[in-house]
Amino acid sequence: MNKKIVIYTTNYCPFCNYAKALFKDKDVSFTEINIDGDDVKKEWIARHSGSTTLPQIFIDDVCYGGFEDVKELDSKGALDKLLDIKK
Ligand SMILES: N[C@@H](CCC(=O)N[C@@H](CS)C(=O)NCC(=O)O)C(=O)O
């Protein structure tokens, strides 16, 4: 079953680009929501993620943090498991 992946991003954000590249490399589709200038959305994300940095990555509505958090999950093989990717 496909997971719903949402990446909240902003402009001029290298970590956002790294996060998108990580999922592109895995050939999984995601929705990018650029929240530049949207203070209401920024506050919502900070409340849900506990962080004010972007990107913030949600998989099936659960926040897994930023690029480095998800990269760490990936290095342990946990991201592929979460996404049902079989190698
Ligand atoms: N450890 C975070 C770092 C993210 C980060 O530093 N993002 C920058 C933009 S590329 C940011 O949000 N800067 C604003 C701030 O630090 O408040 C990650 O891997 O996602």
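Presented here is an overview of the structure given in this document. (Residues numbered from 1 in each chain as written. Predicted model: local features only at pLDDT ≥ 70, side-chain atom pairs only at ≥ 80, totals over all residues. Heavy atoms only, no water.)

1. Describing the state of the cysteines
Let me state the cut-off plainly: The disulfide criterion used throughout: a pair of cysteine sulfur atoms within 2.5 Å.
Throughout the structure, instances matching the rule amount to one disulfide. Disulfide pairing places C13 opposite C16 at an S-S distance of 2.1 Å. On the sign convention where negative is left-handed, the bridge of C13 and C16, at about 75° about the S-S bond, is right-handed. There is no disulfide at C63, and the cysteine sulfur nearest it, in C16, is 13 Å away.

2. Some details on the site of the ligand
Rule in force here: Only a single heavy atom is needed: when it lies within 4 Å of a molecule or strand, its residue is near that molecule or strand. Counted as a polar contact is a pair of N or O atoms within 3.5 Å, where, for protein atoms, one must be capable of donating a hydrogen and the other of accepting one, and residues adjacent in sequence contribute only when both atoms are in side chains. Surface accessibility follows the Shrake-Rupley procedure with a 1.4 Å probe radius. Residue values consider only the protein chains on display as shielding. Each helix is a run of H or I in the DSSP string that is no shorter than four residues. Each strand is a run of E no shorter than two, and both are numbered from the N terminus.
By nearness alone, every residue bordering the ligand is listed as C13, P14, F15, T53, L54, P55, G66, F67 and E68. Within the backbone of F67, an N or O atom sits 2.9 Å from an oxygen atom of the ligand. Within the complex, the protein chains bury 63% of what would otherwise be the 510 Å² of accessible surface of the ligand. Counting only elements with at least two residues in the shell around the ligand, the list comes to α1 (14–25) and α3 (67–75).

3. What to know about the environment of N34
To be explicit about the condition: Three exposure classes are used, based on accessible area relative to the maximum for each residue type with a 1.4 Å probe and protein chains only: buried under 20%, partly exposed in between, and exposed over 50%. Contacts between residues were defined by any pair of non-hydrogen atoms, one from each residue, lying within 4.5 Å.
By secondary structure assignment, the location of N34 is in strand β2 (residues 31–34). A residue is classified by how much of its surface remains accessible, and N34, at 39% relative accessible area, is partly exposed. When the C-alpha positions of N34 and D84 are compared, they lie 26 Å apart, and in sequence the two are 50 residues distant. Setting aside chain neighbours within four positions, we find N34 in contact with T9, T10 and N11. A distance of 2.8 Å separates a polar atom in the side chain of N34 from the backbone nitrogen of D36.

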